Amino acid sequence: MRIASYTRISLDEEHQPFSLPAQKERIEAYCKSQGNDWVWAKHYEDMCTGTILERKGLQEMLKGARNSEFDCLLVFRVDRLSRNVRQISQIVEELDKVGVRFRSITEPFDTATSAGRMMMQMLAVFAEFEHATIVERTIVGMEKKAKLGGWNGGGIPFGYNYDIDKKQLIVNPDEAPIVKLSFEFYVDKKMGSTQIAQELNKRGYRTKAGNRWAGSGIIAMINRPVYAGKLKWRDIERAGQHLSLIDQAQWIKAHEILEERSKNYRLCRANGTNYYLSRVTVCGRCGNHMIGVSAKVRGDSRYQYYMCTRRDKYSKDGCAQDIIPKDKIEKIVFEQLKVVFNDEGLLNNVLEKVNTQLQKSRPLYEKELASAENEI
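About the criteria used
Residues numbered from 1 in each chain as written. Predicted model: local features only at pLDDT ≥ 70, side-chain atom pairs only at ≥ 80, totals over all residues. Heavy atoms only, no water. Helix = DSSP H or I, 4+ residues; strand = E, 2+ residues; numbered from the N terminus. Patch = residues over 30% accessible without salt bridge, like charges linked within 9 Å, V, L, I, M, F, W, Y side chains within 5 Å. Areas by Shrake-Rupley, 256 points an atom, 1.4 Å probe, with all protein chains shown as cover. Salt bridge = Lys/Arg side-chain N within 4 Å of Asp/Glu carboxyl O. Polar contact = N/O pair within 3.5 Å; in protein donor to acceptor, adjacent residues only side chain to side chain. Buried < 20%, exposed > 50% of the residue type's maximum accessible area, 1.4 Å probe, protein only. Arc of directions from axis to C-beta. Pairing = 2+ DSSP bridges. Axes fitted to C-alpha atoms, helices over the stretch in contact; angles between N-to-C directions. Contact = heavy atoms within 4.5 Å. Phe/Tyr/Trp six-rings, centres within 6.5 Å; stacked < 30°, edge-to-face > 60°. Parallel < 35°, antiparallel > 145°, perpendicular 65-115°, else oblique. Left-handed = near helix turned anticlockwise from the far one by under 90°.

Colleague: Even after reading the chapter, I still don't get unusual backbone geometry, so can you show me in this structure?
Modeller: Glycine aside, residues mostly have negative phi angles, and peptide bonds mostly take the trans form. Even without being a glycine, Ser 68 presents a positive backbone phi close to 60°. Relative to the assigned elements, Ser 68 resides in the loop between α2 (56-66) and β3 (72-75). Of note, the phi angle at Lys 190 is positive, near 55°, even though the residue is not glycine. Note on placement: Lys 190 falls in the loop between α6 (176-187) and α7 (193-202).

Dropping the structure here:
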């Protein structure tokens, strides 16, 4: 009989006694003890949770079974195959259809018999119960840790490292000054997120992943309470055990500015400046948006202009569109808008076309309204 084995551990089970090599070794020993009739054919393994079916090793095993590459599948325990009763039944049923038996080397059942299938299903129930219990205990532990201000995992915030021994966040001496500088730009200099990202990129600063900064990354930074010394997990927010990078007053001020800009379309669109055409105008060369940028020239004066976002993002290899002085392009656009709004005939023509289009769409809306009323 040709034998295949399947082993699995979850990522959180790395330090448990039944590692992948340990499981495989026990299965090999069991297979040899059954005599020369049992021939080792295939081995499959996974290193992920047992609650999903989309596992590389599992799918390869099922493909091998469908191709008649082995006659019996061995596992160390039923919960190595899955921790879900429905999933185990589904896998075993698929194995049965292609004539493959399923056995566990540490549990007394054989799916070739009805009693064995019943025992397998009972063990599957206990495996699912055990998994649910582990999840409940983990959540309780994480809630307790969150209330004590501990770090519950996830992506390490820019400006910090994770100390495995202390099990908490510690300040990254290279990144922390960049966080402080970003909040200073946002709060004290009233710079917008895009401007801040451009300034950081100009100075050669990069994200934790080594990428260029973007405005969205700056907003995400401003929104993280971790920099004010707090940690949030689900609905729990507590003072963290780590050191803060900014003071509470600066944090509050930053969020007052953020809230104000979110309510004021002009401020939001212009990223905290008066670039009225930022991301409204389109580059004539590549079709990307133009954004407002400023550069310091003499003393405290600044030169303001619009620049293609592709030129900023890809530097010399990007768009070759020249920068456009802010005052020049805004003057041209505003003058044209004045002409449009002062042309009564043009406005009436536009209004007439809009009304005509609305009248054409009216029957469709009336039909949808009648359908909704009937449904209610």
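Moving on, there is more to tell.
Colleague: What is the right way to read a nonpolar patch on the surface from this model?
Modeller: Taken together, Tyr 276, Phe 334, Leu 337, Val 340, Phe 341, Leu 346, Leu 347, Val 350, Val 354 and Leu 358 make up a surface patch of nonpolar side chains, about 830 Å² in accessible area. Secondary structure elements with two or more residues in the nonpolar patch: α12 (326-342) and α13 (344-375). Considering each element in turn, the nonpolar patch owes the most residues, five residues, to α13. Residue position: Leu 358 is located in helix α13.

Colleague: Any chance you could explain the side chain of Ser 361 here in plain terms?
Modeller: With respect to the helices and strands, the residue Ser 361 is situated in helix α13. In this structure the side chain of Ser 361 is engaged in a polar contact, spanning 3.1 Å, whose partner is the backbone oxygen of Gln 357.

Colleague: Any chance you could explain α2 here in plain terms?
Modeller: Since the α-helix advances by 3.6 residues per turn, residues separated by three or four positions end up pointing in the same direction. Those residues of α2 lying buried are Gly 57, Leu 58, Met 61, Leu 62, Gly 64 and Ala 65. End-on, the buried residues of α2 take up no more than an arc of 160°, which puts them together on one face. Relative to its buried face, α2 has exposed residues pointing more than 90 degrees away, namely Lys 56 and Lys 63. Once α2 ends, the next one or two residues include Ser 68, with phi positive near 60°.

Colleague: I keep staring at the sheet that holds strand β4 (residues 101-104) and nothing clicks. Help me out?
Modeller: Here we have four strands laid out as an open sheet, ordered β2-β1-β3-β4, and parallel in their pairing. Among the strands making up the open sheet, the edge pair consists of β2 (39-47) and β4. This sheet shows a mean twist of 25° between the axes of neighbouring strands, independent of strand direction. Note that strand β1 (residues 2-9) and β3 share four bridges and pair parallel. Its bridge partner being in β3, Ala 4 is matched across the sheet by Leu 73. Along the sheet face, α2 touches β1, β2 and β3 and points at about 150° away from the line of β2.

Colleague: Looking at this structure, I do not really get the pairing of β1. What am I missing?
Modeller: The two faces of a sheet get side chains in turn, since along a regular strand they alternate between them. Summarising burial for β1: seven of the eight residues are buried, a large majority. Bridge count between β1 and β2: eight bridges; the pairing is parallel. Following the sheet pairing, Ile 3 is matched in β2 by Trp 40.

Colleague: Help me understand the side chain of Gln 250 in this model?
Modeller: Looking at the element boundaries, Gln 250 is found in helix α9 (residues 248-263). Overall, Gln 250 belongs to the buried group, its relative accessible area being 18%. Sequence-distant contacts of Gln 250, that is, excluding residues within four places in its chain, are made with Phe 183, Glu 184, Val 187 and Asp 188.

Colleague: Where do I start with the pattern of salt bridges in this structure?
Modeller: Pairs can form between side chains of opposite charge once their charged atoms are near each other. Tallied over the full model, the rule gives nine salt bridges. The residue Arg 362 makes a salt bridge to Glu 366 at a minimum N-O spacing of 3.0 Å. Pair noted here: Arg 362 and Glu 366 are both in helix α13, with a separation of four residues, about one helical turn. A residue is classified by how much of its surface remains accessible, and Arg 362, at 47% relative accessible area, is partly exposed. Connected through salt bridges with shared partners, the residues Arg 77, Asp 79 and Arg 80 form a single ionic network.

Colleague: What exactly am I supposed to notice about α7 here?
Modeller: Judged by how many residues are buried, α7 sits mostly within the fold: nine of ten residues are covered. Of the residues making up α7, those classed as buried are Ser 193, Thr 194, Gln 195, Ile 196, Ala 197, Gln 198, Glu 199, Leu 200 and Asn 201.

Colleague: Where do I start with the packing of aromatic side chains in this structure?
Modeller: The description of an aromatic ring pair rests on the distance of the ring centres and on the angle between the ring planes. Taken as a whole and assessed by the stated rule, the structure comprises seven aromatic pairs. Each ring, one from Tyr 160 and one from Tyr 227, has its centre 6.1 Å from the other, and the planes form 25°; the classification is stacked. Remark: Tyr 227 occurs in the loop between α8 (215-222) and β7 (230-233) and Tyr 160 occurs in strand β5 (residues 160-163); sequence separation between them is 67 residues. Residue Tyr 160 is classed as buried on the basis of its relative accessible area of 0%. Each residue in the set Tyr 160, Phe 183 and Tyr 227 is aromatic and connected to the rest through ring pairs, giving one cluster.

Colleague: Sorry if this is basic, but what is going on with the packing of α6 against α7 here?
Modeller: Axis angle and axis distance: for two packed helices, these are the angle between their axes and the distance between the axes, and together they describe the pair. The contact between α6 and α7 brings their axes to 10 Å, and the two run at 140°. Classed by the angle they form, the pair α6 and α7 counts as oblique. As for how α6 packs across α7, the hand of that crossing is right-handed. Of the residues in α7, those in contact with Ile 178, Leu 181, Ser 182, Phe 185 and Tyr 186 of α6 are Ile 196, Glu 199 and Leu 200.

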